[in-house]
Amino acid sequence: MNNKQKNESLMSVVLPQEFSNSQSSKNLINSQQPQDEETSDCPLLTPSPTIRVVRKIPEMIPVFNHIESPLEIPASPSSENINSEDGLNVFMNIVNSSSKPLHDEPSSRDPMVESTSSSSNSSIKNEPVCTQLLTQLNEAYQHLAPDAQALFYNQENGGKPPLVGIQLVVPKPPKNYIFTKWNWPLIRKTCFWSMISIFIGCVALVIGVIITMPRRCDPEVEWWQGSLFYEIFPGSYQDGMAINDGIGDLPGITKRLDYLQKLGVKGVRLNSIFPADHYPEYYYNVTSLMDVNPILGQMNDFDELIQEIHKRNMTLILDIPLYPFVKNLDLANINNDTSQILKQRREILSELLPTMTPSSLEMVGGILPTTTNFETEIEENDDISSAIRFWSKKGVDGFYLKGLENFVNEKSFPNKLRYWKSILGMGRILICSIKTLTDATSVLAKNAILNRIDLIDVHISVANGTNNIRDQINNILDGILFEKSGYPWVHWSIGNVDTKRVTSTLNVNNASVAVVLMTMMLPGTPSIFYGDEKGILECDCPEHADLEHVHNLTPMHWDKSDAINSGANEKFSSYQIPWLSKSNDPIETNLRDAISNMTSIRKETPTIYVKSVINNNKPKANCDVRYTKDELIVIERRYRRRNSYVFVANLGKISQMKDLSNLYYGGHMVIGPKHKFGENVYFKQLSIPPGEAFVIKLDK
C-alpha cells in the first residue's frame, strides 16, 4: 500500500452501500463517540497543488467539482476482512484501489492563477508584506463532505449519506494591485506624525483660548463711568503762587496732584476759574467765560495744570456758570459784534429783495446768508458755544453746565444741547443737575438730556436721617436713568460748593468719610468735595456774617503726610491770614486710608450692572439698601458669580449693637478702621461705634 504511487490530483471517497450495511462497518461506526461523529462532518482540508489559469483576473467564484459517478470497489479483498487485525489497512487498500483521479482541469470560468511552487516561493519573498499576506490565501483545498442529493434521499431511509469530493478554492489576488507598490513604511510614519501634530495643535489651541480668555466678563465702561471725581474750589485749595496772597490758585492745585492721584481720583473738577468781581467772596459774578481769573493765575498756569493732569492719566472737568451769566438761549445771547453784523445783513436783504430779479438772487445767493444760515451762525457764535469750543481746544475733558435747568423749557434748548455735544466730539462729556431732567416738561427736552448728557449730578442730603437717604437712593435706582444702558450715568455727590459741610451737619466723628464711602458703594460715578475726605468743618467766623454763603469754602487742611513728594507746603498758605478765617481742625478719623482702598476695590469690581436684575418686569441696578433703622444704614452690591459686598455705617451719635443674621451670616472686612481691618465679621452680634463705617466682603 505504501509503495503505491498516489495520484497528485485531489480525491474524494464514497463508501458503497454494501459497506455501510455490513456488520463490521456498523460496529466501527457505532464505536465512535458522538463528538467524533460531529467532528467527522467538519471539512478536512488538504492543500492541493496549484492549478494553471486560463484567463486573467476572473471573478472570485469558488468552484465545487462533484464526482458524478460513485467509486467502483473491486470484489476482493472481501469487506469481511476489515474486522481482522489488518482490517484498517484492508479498508484503505479498498479505498485507494477503487478511487479515480479527479479531473481538476480549470473550466472556462476557473479563476485560479497559474504558478509553480518554486517560482511562487521565490517571488513571494521579494514582494511587499501586503502581497505576501494575500498570496498565502492562494491555495486550493480538498475536503470531504456529504453529497447533498444523496443525503436528501438516504435520510428518508435512515441511511448514512455517501461522501463525495468537494474542491475549495481561494483565488490568488493579482500582482498588479497598485497599493502593493506603495511605500507603506513612509505612509505609516506620515500618518503617525500627522496625528501627533494634529493632537498637539488642538491642545495648543485649547490652551491659547484658555489663556487669552478674559478672567471677568465685566461690561465695558468709559473713563467717566465709575471713576472717582474730586470737586475743588480753586480759591480755597492751595496757595501756590509766589505772592502768597492767602488765596488758592492754579499753581497750588498743580502741586497737589500727587495727593489726588494717591487718593485714586480720575477726574479733577474745578468750580470756577473765570474772572469775577470780588473773587473769591463773590465768585459767581462771572464777567467772561473765555479767560482765567488773574487772582488764580495766567493762561500758561492753566496750560501747565492740564498738562500735569493728563500726564498722571487723570482728566479735567470745568464748571461753566450758564446762569445768571446767560439770561436765555435766544438771539439776544449773541455777543454785540455778531448782533451788529447780522442786523446789517438783514437790512441789506430787506432793501434788495423787492427790486431783485431771479437771476440776481442766484448771483448773491452765495454771498448773503439765508435764514437757515443765520441760525447756524447764531449757534456758532453765542457765548456758551464759543466757551465750550475754546476750552475744548485747551484740552478740557468735560463741562458741568451749571444752571442748565433754567433753560430746559425754552424752545431752542434741544437744538442747543445737541450742538454743544457736537462741538465736544468723542471722549469729552457734559454734566448737568438732576433738576434739569425733572424740570423738563416736553418730550423733546427730556430726550435731548437722556441722549446728549453723559453724567447727571444727584446730590444726596444726609441731614434728615438714614430713612430719607434710603428714599433718595431708591428714587434714582428705580427711576428712568436705570432703564437703559445708554442713558446718562449717575454722578453721586454729598457736598458741593452750594451746600453745607457734611461734618458740620452730622457733627460725628468719621461722618464725612462714612458718607463718602456710601456714595462709592452706589452704582455710578462718585464725587468728593474737597476736604470731606478729611472731615473739615465750616468756617467759624462770626465777624464775617455777611459771607455766610461761602462759609463752607473753608481753606483746605494740610499736614506733613500730604506734602510728601508733592512739592507743596505743609500748610494752605505761608501767608498767615487766608482769605477766609481758618476753621477748627478736622474731627479725628480712623478711616484715613479707607477712600483710597475703596477706589482699588471699585477698579476690581464692575461699577454697575444695568438690567442685571428683573423684578416685576422692571430692570434694577445691582444695589439695594437693606437696612436703615436707628441711624444705621446697610447697602449691598451684588455681583454675578462673585462675592457680594456690604456697606455698614452708623450715622448716629450712639453705639449700635445689632443682630443682622437674618440678612447675612458673615464675611471679611476689606474697608474699615485700621484696628479692625482684615478681621472676620459676623452679623449675629454686630457692634458699630458712632460715625464708623466699613465694607464687608461676604462669603459665597
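Just so you know, these numbers come straight off a predicted model, no measurement behind them.

The subject of this paragraph is the sheet that holds strand 7 (residues 398-402). Strand order in the closed barrel made by the eight strands is 4-5-6-7-8-9-10-11, with parallel pairing throughout. When the angles between neighbouring strand axes are averaged without regard to direction, this sheet yields 25 degrees.

On to the pattern of salt bridges. Per the stated rule, a full pass over the model turns up 20 salt bridges. Salt-bridge contacts for Asp 454 lead to Lys 421; the nearest nitrogen and oxygen are separated by 2.7 Å. Taken together, the positions of Asp 454 in the loop between helix 18 (443-452) and strand 9 (455-459) and Lys 421 in helix 16 (residues 413-424) put the pair 33 residues apart, joining distant regions of the chain. By relative accessible area, Lys 421 is classed as buried at 17%. A salt bridge links Asp 659 to Lys 684; the nearest nitrogen and oxygen atoms lie 3.6 Å apart.

Attention shifts here to unusual backbone geometry. Between Tyr 279 and the following residue, Pro 280, the backbone shows a cis peptide bond with an omega angle of 10 degrees. Within the secondary structure, Pro 280 sits in the loop between strand 5 (267-270) and helix 11 (299-311). Cis geometry marks the peptide bond from Tyr 323 to Pro 324, where omega comes out at 15 degrees. Looking at the secondary structure, you find Pro 324 in the loop between strand 6 (315-321) and helix 12 (336-352). With a phi angle near 60 degrees, Asn 313 is a residue other than glycine that sits in the positive phi range. Structurally, Asn 313 can be placed in the loop between helix 11 and strand 6. Asn 313 sits in the exposed class, given a relative accessible area of 55%.

The next point concerns the pairing of strand 8 (residues 429-433). The element strand 8 is extensively covered by neighbouring structure, given that five of its five residues are classed as buried. Along strand 8, one buried face is formed by Ile 429, Ile 431 and Ser 433 and the opposite face, lined by Leu 430 and Cys 432, is buried too. Of the strand pairs in this sheet, strand 7 and strand 8 are connected by three bridges, and their pairing is parallel. Directly across from Tyr 400, in strand 8, lies its bridge partner Ile 431. Of the pairings in the sheet, the one linking strand 8 to strand 9 comprises three bridges and is parallel in character. Bridging across to strand 9, Cys 432 finds its partner in Ile 456.

Judged by nonpolar contacts, the single largest core of 129 residues is most densely connected at Tyr 230 and Trp 420. Counting residues per element, this core draws most heavily on helix 21 (residues 511-521), which supplies nine residues. Counting 15 residues, the second-largest nonpolar core is a separate cluster that includes Leu 632, Met 669, Val 681 and Leu 686.

So, on to the packing of aromatic side chains. For the structure shown, the criterion picks out 21 aromatic pairs. Ring centres 6.3 Å apart and planes at 65 degrees place the aromatic pair Tyr 323 and Phe 407 in the edge-to-face group. Remark: Phe 407 occurs in the loop between strand 7 and helix 16 and Tyr 323 occurs in the loop between strand 6 and helix 12; sequence separation between them is 84 residues. Its relative accessible area of 43% is what places Tyr 323 among the partly exposed residues.

In this section: a nonpolar patch on the surface. Together, Phe 192, Trp 193, Ile 196, Phe 199, Ile 200, Val 203, Ile 207 and Ile 211 give the surface a local cluster of nonpolar side chains, amounting to about 840 Å² of exposed area. Along the chain, the position of Phe 199 falls in helix 8 (residues 184-212). On the basis of relative accessibility, which here comes to 57%, the residue Phe 199 falls in the exposed class.

When we look at burial in helix 18, the residues that qualify are Ala 445, Ala 448, Ile 449 and Leu 450. Tucked inside the fold, the buried residues of helix 18 contact helix 16, strand 8, helix 17 (434-439) and strand 9.

Glancing now at the sheet that holds strand 16 (residues 645-650). Read from one edge of the open sheet, six strands run 14-15-16-21-18-19, paired in antiparallel fashion. Two strands in the sheet have a free side with no partner beyond their single neighbour: strand 14 (623-627) and strand 19 (680-682). On average, each strand axis in the sheet is tilted by 35 degrees relative to the strand beside it, whichever way the strands run. This element, helix 21, spans strand 14, strand 15 (632-637), strand 16, strand 18 (666-671) and strand 21 (693-698) of the sheet and lies at about 155 degrees to strand 16.

So, about the pairing of strand 15. Most of strand 15 sits out of view: six of its six residues are buried. Going residue by residue along strand 15, you find Leu 632, Val 634 and Glu 636 tucked away on one face and Ile 633, Ile 635 and Arg 637 tucked away on the opposite face as well. Relative to strand 15, strand 14 runs antiparallel, the two being bridged by four bridges. Residue Cys 623 lies in a different strand from strand 15, and its bridge partner there is Arg 637. Connecting strand 14 to the antiparallel partner strand 15 that follows it, the hairpin turn spans four residues, and Asp 630 within it adopts a positive phi of roughly 55 degrees. One ladder, built from six bridges, connects strand 15 with strand 16; its direction is antiparallel. Among the inter-strand pairings, Ile 635 is bridged to a residue of strand 16, identified as Phe 647.

What follows concerns the packing of helix 16 against helix 18. One can describe the packing of helix 16 onto helix 18 by two numbers: an axis separation of 9 Å at closest approach and a directional angle of 15 degrees. With respect to helix 18, the axis of helix 16 lies roughly parallel. As helix 16 packs across helix 18, the resulting crossing turns out to be left-handed. Across the interface between the two elements, Phe 413, Pro 414, Leu 417, Arg 418 and Lys 421 from helix 16 touch Leu 444, Ala 445, Ala 448, Ile 449 and Arg 452 from helix 18.

Reading guide: rules and limits
- Residues numbered from 1 in each chain as written.
- Predicted model: local features only at pLDDT ≥ 70, side-chain atom pairs only at ≥ 80, totals over all residues.
- Heavy atoms only, no water.
- Pairing = 2+ DSSP bridges.
- Helix = DSSP H or I, 4+ residues; strand = E, 2+ residues; numbered from the N terminus.
- Axes fitted to C-alpha atoms, helices over the stretch in contact; angles between N-to-C directions.
- Salt bridge = Lys/Arg side-chain N within 4 Å of Asp/Glu carboxyl O.
- Buried < 20%, exposed > 50% of the residue type's maximum accessible area, 1.4 Å probe, protein only.
- Core = buried A, V, L, I, M, F, W, Y, C linked by side-chain atoms within 4.5 Å.
- Phe/Tyr/Trp six-rings, centres within 6.5 Å; stacked < 30°, edge-to-face > 60°.
- Patch = residues over 30% accessible without salt bridge, like charges linked within 9 Å, V, L, I, M, F, W, Y side chains within 5 Å.
- Areas by Shrake-Rupley, 256 points an atom, 1.4 Å probe, with all protein chains shown as cover.
- Contact = heavy atoms within 4.5 Å.
- Parallel < 35°, antiparallel > 145°, perpendicular 65-115°, else oblique.
- Left-handed = near helix turned anticlockwise from the far one by under 90°.

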